[in-house]
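# A closer look at the structure
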There are 2 protein chains.
Amino acid sequence: MSLWSEKVLQLLRRMNSFHSPGSSLEKCLRFEVGGQQVGWVPPNVVSVLCRFPEVFSPPHGGAVALCPGLDSLERRSAAVEAVLQELRDGGAFACLKGWRNERYAVMPRYCDAPLMHMERAATSLFGVKRYGVHVSGFSRDGNGNLSMWLARRSNTKQTYPGKLDNLAAGGLAAGCTVKHTLVKECEEEACIPASVAEKATPVGTISYTYEDEDGVFPECQFVFDLELPSNFRPEIGDGEVQDFYYYPIKKVKELLASEEFKPNCAMVVLDFLIRHSVIEPDSEPYYQEFVASLHRSL
Amino acid sequence: MSLWSEKVLQLLRRMNSFHSPGSSLEKCLRFEVGGQQVGWVPPNVVSVLCRFPEVFSPPHGGAVALCPGLDSLERRSAAVEAVLQELRDGGAFACLKGWRNERYAVMPRYCDAPLMHMERAATSLFGVKRYGVHVSGFSRDGNGNLSMWLARRSNTKQTYPGKLDNLAAGGLAAGCTVKHTLVKECEEEACIPASVAEKATPVGTISYTYEDEDGVFPECQFVFDLELPSNFRPEIGDGEVQDFYYYPIKKVKELLASEEFKPNCAMVVLDFLIRHSVIEPDSEPYYQEFVASLHRSL
């Protein structure tokens, strides 16, 4: 096995750490809203939630549930928001310091109607699945050789400062379509006009679940390809990005093993390399492991 | 939800029936060779294997294992083959009537060295994972509109007679590369010259596990796209196919809901429709379920 393959496999394992033997999966309680599971709550969070019996029913049968009296999206969202604000003020959880005033929809599956909304910074405490969109910007030269645009995240970003990112990416806020979010992020982060961004084509999703001291992160990213004219140049927009690079695909592949990337962006690149035949099954021993690890769901 | 979406979701659920609540998963024993799991053995098979204590150790700790004295690929393959031939002669399992003299490699993961070889028709008795390759043949007209080649399987095929299939497909026999198998199947089934077939590009895998009366079927198909000139015509080769059709992609999409397809070929088409943006996340509510269901592993 090549060192590159091993490094990439390690990255994929880290991004699926919640699935690994010895993870907190067996200790977590199901988070249930309206009788349906929408997440996983780590034990240290459960004990804090028990202090709010008017919002969370006492743990029962391996689950912690919102009180049944909270019977509408609005009531649930408001009750949980009040708890989270109190916990934020009390400094209970470090992740709440990253409060963003971005509300994510909470539902059992993406196709289901939202049962409540939740502040983005709090979702890991409940293991609520988050959805986002990532755009791979690339061009081909006259011989069909691929090059890809990468962004370097600003050093002042709250998460993964200074790491490599895809051309544009963003979380799906409640009520926003995937395409709308994509066009907005392309415009804000890379000054890509809507007329160009709208040409991005959906090519699938990546899914993974990791855990860290902030909780459980089940995530699904909708993945888009955006083929750009070879004279196209993105520009720094809202300050989320400090630089853009345009690299031959071979160099992008090498960087995957370098820890330079924000990890889920590396997964988007890996998916691109597989779909565009930069990685092939007869020469990459972990080909099947790679594909499987890009699509794990709970 | 559209009827089409529901039908496709049902197909995906059937092809992942081993993962469903109520499947035999919890009753199956792990099949272990050289201390590593390589499959799942249904209870009815376990009781038959117990009649061969010189080959299979008595079930222990939720596993049935090859006797440790069988310590090489050759010894394991020969000992199991002798058992299977006896069972075949005795008419013990219907699936052994389909004996093909095709040997599949048995290993924990695709990247691992084979621990033994096993007759293709017997793999479901041990829930051993099978690998294959499927090729989607397609063309674009001057406006970029996609059309796809489909094959109709011969009415005399042992499995899924008369069903729709991809342009070419085949199982990976022990020791064969993915590309070699692809080129061979393209030539044999559709008279596609090697010079054309070699242009097929790898684009990922699909993985799923179903069970039926013949046992457990964990499968992984390496998926290739083959863009063909619009004047290209496949021809009937070795009689595995009775006809080829060239359909606009919209018609191919509709056929996915019709039960006309061999089910794993429908999954290959669904993966194609997603990668080529025929299905989009903002208009297909089950987009994320579809992608996840195309990539389930045990």
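The structure we're discussing is the one just above.
Residues numbered from 1 in each chain as written. Chains lettered and ligands numbered in written order. Predicted model: local features only at pLDDT ≥ 70, side-chain atom pairs only at ≥ 80, totals over all residues. Heavy atoms only, no water.

### Description of the packing of aromatic side chains
Each pair of aromatic rings is reported with the distance of its centres and the angle of its planes. Inspection of every chain in the model, using the stated rule, returns 28 aromatic pairs over all chains. Measuring from ring centre to ring centre gives 4.8 Å for Phe31 of chain A and Phe126 of chain A, while their planes differ by 45 degrees; the resulting arrangement is tilted. Of this pair, Phe31 of chain A sits in strand β1 (residues 29-33) while Phe126 of chain A sits in helix α4 (residues 123-126), placing them 95 residues apart in sequence. Pair check on accessibility: Phe31 of chain A and Phe126 of chain A agree, each one buried. An aromatic cluster is present here, built from Tyr110, Tyr131 and Phe222 of chain A together with Tyr287 of chain B joined pairwise through their rings. When the ring centre of Tyr247 of chain A is taken as origin, the NZ or CZ atom of Lys251 of chain A, which lies over that ring, is 4.7 Å away. In this arrangement the basic side chain of Lys253 of chain A is found over the ring face of Trp4 of chain A, its NZ or CZ atom lying 4.7 Å from the centre. (Phe/Tyr/Trp six-rings, centres within 6.5 Å; stacked < 30°, edge-to-face > 60°. Helix = DSSP H or I, 4+ residues; strand = E, 2+ residues; numbered from the N terminus. Buried < 20%, exposed > 50% of the residue type's maximum accessible area, 1.4 Å probe, protein only. Lys NZ or Arg CZ within 6 Å of the ring centre and 35° of its normal.)

### Observations concerning the sheet that holds β1 of chain A
Residues and elements named next belong to chain A. A sheet is described by the order of its strands in space; here three strands give the open sequence β2-β1-β3, paired in mixed fashion. Of all strands in the sheet, those bounded by a partner on one side alone are β2 (36-41) and β3 (63-65). Neighbouring strand axes in the sheet, compared pairwise and without regard to direction, differ in orientation by 35 degrees on average. Relative to β3, β1 runs parallel, the two being bridged by three bridges. Looking across to β3, one finds that Glu32 is bridged to Ala65. (Pairing = 2+ DSSP bridges. Axes fitted to C-alpha atoms, helices over the stretch in contact; angles between N-to-C directions.)

### Some thoughts on helix α3 (residues 73-90) of chain A
Residues and elements named next belong to chain A. Look at α3: 26 Å from first C-alpha to last across 18 residues, which is about the 26 Å you get at 1.5 Å a residue. For α3, the complete set of buried residues consists of Arg76, Ser77, Ala79, Val80, Glu81, Val83, Leu84 and Leu87. Buried residues belonging to α3 abut β1, α2 (43-49), β4 (103-106), β5 (116-119) and α4. Immediately downstream of α3, the backbone of Gly91 shows phi near 70 degrees, a positive value. (Expected span 1.5 Å × (residues − 1). Contact = heavy atoms within 4.5 Å.)

### Overview of the packing of helix α1 (residues 3-15) of chain B against helix α8 (residues 263-275) of chain B
Residues and elements named next belong to chain B. Viewed as axis vectors pointing N to C, α1 and α8 meet at an angle of 125 degrees, and their least axial separation amounts to 10 Å. Relative to α8, the element α1 lies oblique. Crossing of α1 against α8: the hand is left-handed. For the pair formed by α1 and α8, the contact residues are Trp4, Val8, Leu11, Leu12 and Met15 on the first element and Pro263, Asn264, Ala266, Met267 and Leu270 on the second. Class assignment of the residues belonging to the contact of α1 with α8 gives a composition of nine nonpolar, one polar and no charged. (Parallel < 35°, antiparallel > 145°, perpendicular 65-115°, else oblique. Left-handed = near helix turned anticlockwise from the far one by under 90°. Nonpolar A, V, L, I, M, F, W, Y, C, P; charged D, E, K, R; others polar.)

### Notes on the interface of chain B and chain A
Taken together, the contact pairs 36 residues of chain B with 36 residues of chain A. Buried area between chain B and chain A, summed over both chains or domains, comes out near 2700 Å², and the portion from carbon and sulfur atoms is 56%. Of all residues in chain B, Pro202, Asp282 and Gln288 of chain B bury the most surface against chain A, accounting for 22% of the area lost on that side. The interface formed by chain B and chain A holds zero salt bridges in total. In this assembly, chain B and chain A are joined by 12 residue pairs in polar contact (both at pLDDT 80 or more). Put simply, the parts of the chain that give the side of chain B that touches chain A at least two residues each are α1, α5 (178-190), β10 (201-212), β11 (215-227), α8 and α9 (287-293) of chain B. Take the side of chain B that touches chain A: its biggest share by element is six residues, from β10 of chain B. Of the residues contributing to the side of chain B that touches chain A, the split by class is 19 nonpolar, nine polar and eight charged. (Buried area = accessible area lost by both parts, 1.4 Å probe. Salt bridge = Lys/Arg side-chain N within 4 Å of Asp/Glu carboxyl O. Polar contact = N/O pair within 3.5 Å; in protein donor to acceptor, adjacent residues only side chain to side chain.)

### A look at the relation of the copies chain B and chain A
Aligned on chain A, chain B shows an RMSD of 0.0 Å; the corresponding rotation is 180 degrees and the shift along the axis is 0.0 Å. Here the symmetry operator amounts to a two-fold rotation axis. Residue His295 of chain B, judged by its C-alpha, is the member of chain B lying nearest the rotation axis, at 3.1 Å. In this assembly, 100% of the residues forming the interface of chain B have copies in chain A that are likewise at the interface, indicating an isologous arrangement. (Least-squares fit on C-alpha atoms with pLDDT ≥ 70 in both.)

### Quick look at the sheet that holds strand β3 (residues 63-65) of chain B
All names here are of chain B. Across the sheet, which stays open at both edges, the three strands sit in the order β2-β1-β3 with mixed pairing between neighbours. The outermost strands of the open sheet, each flanked by one partner alone, are β2 (36-41) and β3. Each strand axis lies, on average, 35 degrees off the axis of its neighbour in the sheet, ignoring direction. Where strand β1 (residues 29-33) and β2 come together, five bridges link them in antiparallel fashion. What sits directly across from Val33, in β2, is Gln36.

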